[in-house]
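A closer look at the structure
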Number of protein chains: 2
Amino acid sequence: MKELLRTKGYKATPQRELIFECFLAAGRHITVDELYQKVRLKDSSVGHSTVWRNLKLICKLGLAEEVNLGDGLTRYDRITPEPHGHLYCLECKKLVEFDMAKLLPALNETAQGSRFQPVGFKIEIQGYCDSCGERLGVTGENSYNGSGTKNVGKKERGKNDDLS
Amino acid sequence: MKELLRTKGYKATPQRELIFECFLAAGRHITVDELYQKVRLKDSSVGHSTVWRNLKLICKLGLAEEVNLGDGLTRYDRITPEPHGHLYCLECKKLVEFDMAKLLPALNETAQGSRFQPVGFKIEIQGYCDSCGERLGVTGENSYNGSGTKNVGKKERGKNDDLS
DNA sequence: TTGCAAATGAATGTCGTTTTCATTTGGGCA
DNA sequence: TGCCCAAATGAAAACGACATTCATTTGCAA
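1. A few points about the sheet that holds strand β1 (residues 30-31) of chain B
Residues and elements named next belong to chain B. Reading across from one edge, β1-β3-β2 is the order of the three strands in this open sheet, with antiparallel pairing throughout. Each end of this open sheet is capped by a strand with a single partner; those strands are β1 and β2 (64-68). Together, β2 and β3 (74-78) form the strand contacts of helix α4 (residues 48-60), whose direction differs from that of β2 by roughly 110°.

This is the structure:
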């Protein structure tokens, strides 16, 4: 790690090494705050912005990529040998990975005007996993709903004061 | 529109009717602010939060869905007869749609543990369109980059003060 | 050892989303 | 038609995650 950093012209500070170490140890789909918490367990003096900046650096060095699941949080996912996409269950929040290569032929066939190769791009899918789909009655027989969000039910006030 | 609203138990206010009208007139992948601007052209007294709330209501009524392209902006897309996904070019920001049904067989084949039907889910893909892919040399021969972001080059200060 | 660019950490800024709340209003009903 | 009240509105503020600023510290090459 020290070597990689210095080779690329970055200083190997103790904070940086700790952050890299923590990320590589537990770094699948981790958020900034999750990593921040892990780092703080080992050195409570490390700042939030330092974790954030080094997570960006990890991406810049090609060790990870940002993943956007559509829930407003940026996740950082270690780069894997085989490019993969993410299936994100809107119900149980489970994250499933799929092999990118298997999807590409069909993708490029249906997408006129665009050409997707397993280089530098991402596929994020939001839907329902097997068990949740079953439970929710998502069978493919229904008409397309599309909203992709469920109403969970919160407090009541004016009818339009809470659109869940 | 008046009827739909009243049937569902919502009041048909002039603001609401205007917002619905403006959305349906121009509503492919529109942001809250874009719609807000359009609405203001016809009635400059309508508030931002009213537009936001009614956009949510439009989704709740099944007329539109939220789309998250990963650029930090929520877009609202009218529901179409055939479910479709989005290909978002990271370079030229072009948005291409593709037929969801054509992708499903391949998707379900590669995604064990999840079962995706054209009901209530979304596929968002970030990558490069034909022309940008060409220009950037994204040929599929390169190794997987994954970061999905390009360095555009801004001002310089401390090396780590700007991670582009 | 020293000099200085890079890195850090606390604080602050930014920006889109969401909520609060006082006020207004649609529309059911007498 | 007028009344009533829950629903809707609009201005402002709260919120939350991401991003930047800047004074200070520090790694490390010479």
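2. Some thoughts on the packing of helix α3 (residues 32-42) of chain A against helix α4 (residues 48-60) of chain A
Residues and elements named next belong to chain A. Running from N to C, α3 and α4 cross one another at 120°; their axes reach a closest spacing of 10 Å. When the interaxial angle is binned, α3 and α4 end up oblique. The way α3 lies across α4 gives a crossing that is right-handed. Together, Val32, Asp33, Leu35 and Tyr36 of α3 and His48, Val51, Trp52 and Leu55 of α4 make up the contact between the two elements.

3. Considering the sheet that holds strand β1 (residues 30-31) of chain A
All names here are of chain A. The antiparallel open sheet is built from three strands, whose spatial order is β1-β3-β2. Taken across any chain shown, the strands that pair with only one partner, and hence form the sheet edges, are β1 and β2 (64-68). Contacting β1, β2 and β3 (74-78), helix α2 (residues 14-26) runs over the sheet at an angle of about 80° to β3. The sheet strands contacting α4 are β2 and β3, and the helix crosses β2 at an angle near 110°.

What counts as what
Residues numbered from 1 in each chain as written. Chains lettered and ligands numbered in written order. Predicted model: local features only at pLDDT ≥ 70, side-chain atom pairs only at ≥ 80, totals over all residues. Heavy atoms only, no water. Pairing = 2+ DSSP bridges. Helix = DSSP H or I, 4+ residues; strand = E, 2+ residues; numbered from the N terminus. Contact = heavy atoms within 4.5 Å. Axes fitted to C-alpha atoms, helices over the stretch in contact; angles between N-to-C directions. Parallel < 35°, antiparallel > 145°, perpendicular 65-115°, else oblique. Left-handed = near helix turned anticlockwise from the far one by under 90°.

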